[in-house]
Structure formats: structure tokens, C-alpha cells
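Examination of the molecular architecture
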Amino acid sequence: MSFKVVIPARYASSRLPGKPLLDIAGKPMVVRVAEQAMASGAAEVVVATDHERIAEAVTAYGYNVVMTRTDHVSGTDRIAEVVQLQSWEDDTIVVNVQGDEPLIDPVLIQDVANNLASHPQASMSTACHSIHDTPSILNPNIVKVVIDQQGHALYFSRAPIPYPRDAFAANQDIPANMPIYRHIGIYAYRANFLRTYAALPPAAIEHFESLEQLRVLWHGHKISVEVTAKAPAAGVDTESDLAYVRSVLINSENLPF
């Protein structure tokens, strides 16, 4: 099954300016991400950026770059522009891999692409894994997803969903048999849907939850969800994240997959 990967990479970052270019064991972070994407078996890997320094760094390592506009509000919008510029066919599967995840498992990238290919009713796919501890369920920084019997997302939320009413009322832990899933922020789309997405107006629930994938559900499109057995490796949002990723890649035998 053929698919492409697009890595949106912008220079600006409130916590780590120039984040895609930060050195990770001798290479820019965005190049490390591109290496993981190539290892997934993708037919093509493209870095989408609006910054010349990022483009120069990526091309120096032999990867493809598409220059995009500076006014995109999300990575999905940037990827939609790539689809238009590249004139990819409507049924092309495109995986969005974040540019700050140099430890992403190539198998996860492939699994999300395969999931979309096997769910013809879905416009896009994503991933999740089981969680069972109460602190994670209550943490608004951990996004939860509820899925139906066909494996399609019913809703995403920062709130605890589904809510274990009786257990919480009795000050008990989450029931062991209760399916609660943490959303993993990786997406695959069909190219024709990316063209549609770019024209979809934002939804109120998207604004209130600060979750752009809710726009897709609000407009009636389906998102299929790949349930993985383990949590993904951490991305890079802080200096401590950066130090951890550097230590892992310096000692590459410790890669978490």
C-alpha cells in the first residue's frame, strides 16, 4: 500500500525558537524526523516549511522540501497546500508527521496509513492507546477519544470521556474493563479530503476544546482510529524533552522501538 508523508515544520516556537533546526546528535531535528518517516516505507517524504533556513538544512541531507505560505494556522492547512502544489491524485494517502517527533516509530506511521486504506468510509485516520490511571484521565493536556464498533471516532476531548460516573462518585479508581483511550497526534488523510478540509469553516467545539480534529467530526466526516499497544515516544516541547531525545539518539541502541 503506497502512501506519502508530509512533515510540517515552522521556524517560530514560543518555547524553543528555531525548533526544527535544533541539533539532535549531529543532525537537525527535522532531518531526524524525515529519517524516521523514510523508514516507514513511505513512497515519498516531503518537509513543508515557510522558512529558508529549514529548507536549506533539509535539502542538504537529500530530502524534498515544498515552500508554503506563512499564514497557515495549522499543520493540516500547510499539508493541504502541499497537496495542491504537488497536484497529488485524490486517492493519495498522506500522513502528517509532526516535525518535533524525532523518536516517532516508523511502524506507527505505516499503521495509520494502512488503517485509513482499510476504512473506505473514513476521510482521515489517527491513533490512540489505552490508559488506565486516574491522573491521566483527569489531565486536560491528555486528549481522550471515544470510538465506535467500526473503529471510527465518536468524539475527542480534554475532559475524561467516557466518564465513570459511579466509580468517581464512590471515590474509586477507573473500572478495569472500561475502554479509555489517549489520542496520539498523528494523522493520515486522503488528498481529496485535504482539499475539502482547507475550505471547512472552524467549528465552535473545535475552538472551545482547542482540538482542530473536531472540525472534521462536526462537518460530518469520519475519522478512523488505530488502537496501538503502547504509548508513542515523547516529542520535543521543552528543554528537558530536548535533553532526553538527545540522550536517546546519542545512545541509539536505546531507541524505544
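Residues numbered from 1 in each chain as written. Predicted model: local features only at pLDDT ≥ 70, side-chain atom pairs only at ≥ 80, totals over all residues. Heavy atoms only, no water.

Let's talk about the overall build of the chain
Counting its regular elements, the chain contains ten helices and eleven strands. On C-alpha atoms alone, the chain measures out to a radius of gyration of 18 Å, which is about the 18 Å that the 2.2 N^0.38 rule sets for 257 residues. Once the C-alpha set of the chain is aligned to its principal axes, its extents read approximately 60 × 40 × 35 Å. Counting over 257 residues, the chain shows a buried share of 51%. Contacts in the chain between residues at least 24 apart in sequence constitute 67% of all its contacts with a sequence separation of at least 6. Taken as two groups, the 19 positive and 28 negative side-chain charges of the chain have centres that lie 2 Å from each other. (Helix = DSSP H or I, 4+ residues; strand = E, 2+ residues; numbered from the N terminus. Rg over C-alpha atoms; globule rule 2.2 N^0.38 Å. Buried < 20%, exposed > 50% of the residue type's maximum accessible area, 1.4 Å probe, protein only. Contact = heavy atoms within 4.5 Å. Lys, Arg positive; Asp, Glu negative; His and termini not counted. Charge placed at Lys NZ, Arg CZ, Asp CG, Glu CD.)

Examining unusual backbone geometry
Backbone torsion omega between Ile161 and Pro162 reads -15°, so that peptide bond is classified as cis. Tracing the backbone through its elements, the reader meets Pro162 in the loop between strand S9 (153-157) and helix H6 (165-169). Notably, Ala25 is not glycine yet its phi reads approximately 50°, a positive angle. Residue placement: Ala25 occurs in the loop between strand S2 (23-24) and strand S3 (27-28). Residue Ser87 is not a glycine yet carries a positive backbone phi of 55°. For Ser87, the location among the structural elements is in the loop between helix H3 (75-86) and strand S6 (93-96). For Ser87, a relative accessible area of 57% gives the class exposed.

As for the environment of Met67
Relative to the helices and strands, Met67 resides in strand S5 (residues 64-67). Sequence separation between Met67 and His51 is 16 residues, and the spatial gap between their C-alpha atoms is 7.6 Å. When sequence neighbours within four positions are dropped, the list of residues in contact with Met67 reads Thr49, Asp50, His51, Glu52, Ala55, Glu81 and Leu85.

Observations concerning the packing of aromatic side chains
Describing an aromatic ring pair means giving the distance of the ring centres and the angle of the ring planes. Counted by the stated rule, this structure contains three aromatic pairs. Ring centres 5.2 Å apart and planes at 90° place the aromatic pair Tyr163 and Phe168 in the edge-to-face group. (Phe/Tyr/Trp six-rings, centres within 6.5 Å; stacked < 30°, edge-to-face > 60°.)

Section: the pairing of strand S1 (residues 4-9)
The buried fraction of S1 is high, at six of six residues. With burial as the criterion, each face of S1 is covered, one bearing Lys4, Val6 and Pro8 and the other bearing Val5, Ile7 and Ala9. Where S1 and strand S4 (residues 44-49) come together, six bridges link them in parallel fashion. In the strand pairing of S4, Lys4 is matched with Glu44. Here three bridges tie S1 to S6, and the two strands are oriented parallel to one another. Paired with Lys4 across the two strands is Val94, which belongs to S6. (Pairing = 2+ DSSP bridges.)

Considerations on the environment of Leu108
You can see Leu108 is positioned in helix H4 (residues 106-117). Between the C-alpha atoms of Leu108 and Ala37, which are 71 residues apart in sequence, the distance is 9.9 Å. The residues touching Leu108, leaving out its near neighbours within four places in the chain, are Ala127, Ile184, Ile186, Thr228 and Pro232.

Description of the nonpolar core
Among the nonpolar cores identified, the biggest contains 31 residues, and Phe3, Val5, Ile7, Val95, Val97, Ile109 and Ile186 are the most heavily contacted of them. Elements that contribute at least two residues to this core include exactly S1, helix H1 (29-39), S4, helix H2 (52-60), S6, H4 and strand S10 (181-190). If you look at the next biggest cluster of nonpolar residues, it comprises 30 residues, including Ala48, Val66, Ala80 and Tyr181. (Core = buried A, V, L, I, M, F, W, Y, C linked by side-chain atoms within 4.5 Å.)

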